[in-house]
Amino acid sequence: MDPLSPDEISRYHRHILLPEIGGQGQQKLKAARVMVIGAGGLGAPALLYLAAAGVGTLGIADDDHVSLSNLQRQVIHDSGTIGEEKTESAARSIARLNPHVRVRRFEARFDGAFAATHLGGFDLLIDGSDNFDTRYAAADAAEARQIPLVTGAVGRFDGSLTVLKPYEANAEGEPNPGYRDLFPQQPPAGLVPACAEAGIVGALTGVIGTLMAMEAIKLITGIGEPLVGRLLLYDALSARFDTIRYRRRKTAPSP
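Residues numbered from 1 in each chain as written. Predicted model: local features only at pLDDT ≥ 70, side-chain atom pairs only at ≥ 80, totals over all residues. Heavy atoms only, no water.

Peer 1: Lay out the packing of helix α3 (residues 22-31) against helix α10 (residues 202-221) in plain terms, naming residues and giving numbers.
Peer 2: Orientation of α3 relative to α10, taken along the N-to-C sense of each, is 110 degrees, at an axis distance of 9 Å. By the angle between their directions, the pair α3 and α10 is classed as roughly perpendicular. When the axes of α3 and α10 are compared, the crossing they make is right-handed. On α10, the residues that touch Gly 25, Lys 28 and Leu 29 of α3 are Ile 217, Ile 220 and Thr 221. Partitioning the contact of α3 with α10 into residue classes produces three nonpolar, two polar and one charged. (Axes fitted to C-alpha atoms, helices over the stretch in contact; angles between N-to-C directions. Helix = DSSP H or I, 4+ residues; strand = E, 2+ residues; numbered from the N terminus. Parallel < 35°, antiparallel > 145°, perpendicular 65-115°, else oblique. Left-handed = near helix turned anticlockwise from the far one by under 90°. Contact = heavy atoms within 4.5 Å. Nonpolar A, V, L, I, M, F, W, Y, C, P; charged D, E, K, R; others polar.)

So this is what it looks like as structure tokens:
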């Protein structure tokens, strides 16, 4: 691993003070290559905190442009970037925050073909997308590449997230569950309304997106207990967190 420069040691001093992370953990963050799907409500806070934490390479996959209605929750963008590609706007914000982070921009929608071409250059995937087609594609691609997936979702006043490592076994020697063990089939089109139709509290995406960044930091540095086999649920109106455990199904549905 590359050594930390004096500037990096000063920048990440609060991390390095933590025995669980220290200099070695910070070097792992520097060496990490993380792909983030979406520079929107979930991807924006995840990208900012991962950049601030010193993740060395961040990939951003998003084919959308910044609009005024995004700014209520997508805090990596601002009024001056309306109309720009989200990847470009996000990359500039990251550069201002931490010049030590390399950003790779992909103005494309994440799907199986995209993953086959680009995901091989990354060792962790974060899914901040807002549709089920992308979520299932991300789960399949991460499992095929045998890299961890941090995936989250939000709706109006509630959110959820989990970590997937179905290519490994748990402490009992059982295979970890995959995305289809949690959500066997996609819901019918139109059943789950998009935030443009139902609305959403902007700060909610910050809560879930920041938790996704925290899970990624744990996975990279090897600390704590990631949310593997556990779905974390957050109800913003009651300020309540709940955790549901789930396991590999006996007969997993085919893709």
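Having seen the structure, we can now continue with the description.
Peer 1: Can you lay out the pattern of salt bridges for me, pointing to particular residues and giving the numbers?
Peer 2: The full count for this structure, using the stated rule, is 17 salt bridges. Residues Arg 109 and Asp 63 are paired through a salt bridge, measuring 3.7 Å at the closest nitrogen-oxygen approach. Residue Arg 109 is found in the loop between β3 (102-106) and α6 (112-118), and its partner Asp 63 is found in the loop between β2 (57-61) and α5 (86-97); the two are separated by 46 residues along the sequence. The class of Asp 63 is partly exposed, set by a relative accessible area of 40%. Between Glu 168 and Lys 165 there is a salt bridge; the shortest N-O distance is 3.3 Å. (Salt bridge = Lys/Arg side-chain N within 4 Å of Asp/Glu carboxyl O. Buried < 20%, exposed > 50% of the residue type's maximum accessible area, 1.4 Å probe, protein only.)

Peer 1: Could you give me a rundown of the packing of aromatic side chains, with the residues and numbers involved?
Peer 2: Per the counting criterion, the structure on display carries six aromatic pairs. Ring geometry for Tyr 179 versus Phe 183: centroids 5.2 Å apart, planes at 50 degrees, classification tilted. Relative accessible area serves as the criterion here: at 32%, Phe 183 is assigned to the partly exposed category. Taken together, the ring pairs connect Phe 106, Phe 110, Phe 114 and Phe 122 into an aromatic cluster. Over the ring of Phe 132 we find Arg 135; its NZ or CZ atom is 4.8 Å from the centre of that ring. (Phe/Tyr/Trp six-rings, centres within 6.5 Å; stacked < 30°, edge-to-face > 60°. Lys NZ or Arg CZ within 6 Å of the ring centre and 35° of its normal.)

Peer 1: Talk me through the pairing of β3; I want residue IDs and the actual numbers.
Peer 2: In this structure, β2 lies alongside β3, joined through five bridges in parallel fashion. Paired with Ala 61 across the strands is Phe 106, a residue of β3. Once you follow β2 into α5 and on to β3, the crossover reads as right-handed. (Pairing = 2+ DSSP bridges. Right-handed = clockwise from strand over helix to strand, strands pointing away.)

Peer 1: Hey, could you go over the environment of Glu 168 for me, with residue numbers and the actual values?
Peer 2: Checked against the element boundaries, Glu 168 lands in the loop between β6 (158-164) and α8 (179-182). In this structure, the C-alpha to C-alpha distance between Glu 168 and Ala 113, residues 55 residues apart in sequence, is 24 Å. Filtering out sequence-adjacent residues up to four positions away, Glu 168 remains in contact with Glu 174, Pro 175 and Asn 176.

Peer 1: Tell me what's going on with unusual backbone geometry, and back it up with residues and numbers.
Peer 2: Phi is positive for Gln 146, close to 60 degrees, though the residue is something other than glycine. Inspection of the secondary structure assignment puts Gln 146 in the loop between α7 (132-145) and β5 (149-155). Classification of Gln 146 as exposed rests on a relative accessible area of 54%.

Peer 1: Which residues make up the side chain of Asp 127, and what are the values?
Peer 2: With respect to the helices and strands, the residue Asp 127 is situated in strand β4 (residues 124-127). Among buried charged residues, Asp 127 stands out as having no salt bridge; its nearest opposite-charge side chain is Arg 135, 4.9 Å away. A polar contact of 2.7 Å, which involves the side chain of Asp 127, links it to the side chain of Ser 129. Those residues within four positions of Asp 127 in sequence are excluded, and the remaining contacts are Ile 37, Thr 134, Arg 135, Ala 138, Leu 149, Val 150, Thr 151, Gly 152 and Met 212. (Lys, Arg positive; Asp, Glu negative; His and termini not counted. Polar contact = N/O pair within 3.5 Å; in protein donor to acceptor, adjacent residues only side chain to side chain.)

Peer 1: How would you summarise the sheet that holds β4 if you had to cite specific residues and measurements?
Peer 2: A sheet is described by the order of its strands in space; here eight strands give the open sequence β3-β2-β1-β4-β5-β6-β7-β8, paired in mixed fashion. With one partner strand each, in any of the chains shown, β3 and β8 (240-245) form the two edges of the open sheet. For this sheet the average axis-to-axis angle between neighbouring strands, irrespective of direction, equals 15 degrees. Here strand β1 (residues 33-37) pairs with β2 via five bridges, running parallel. Bridge pairing links Val 34 to Leu 58 in β2.

Don't take any of this as a statement about function, it's just geometry.
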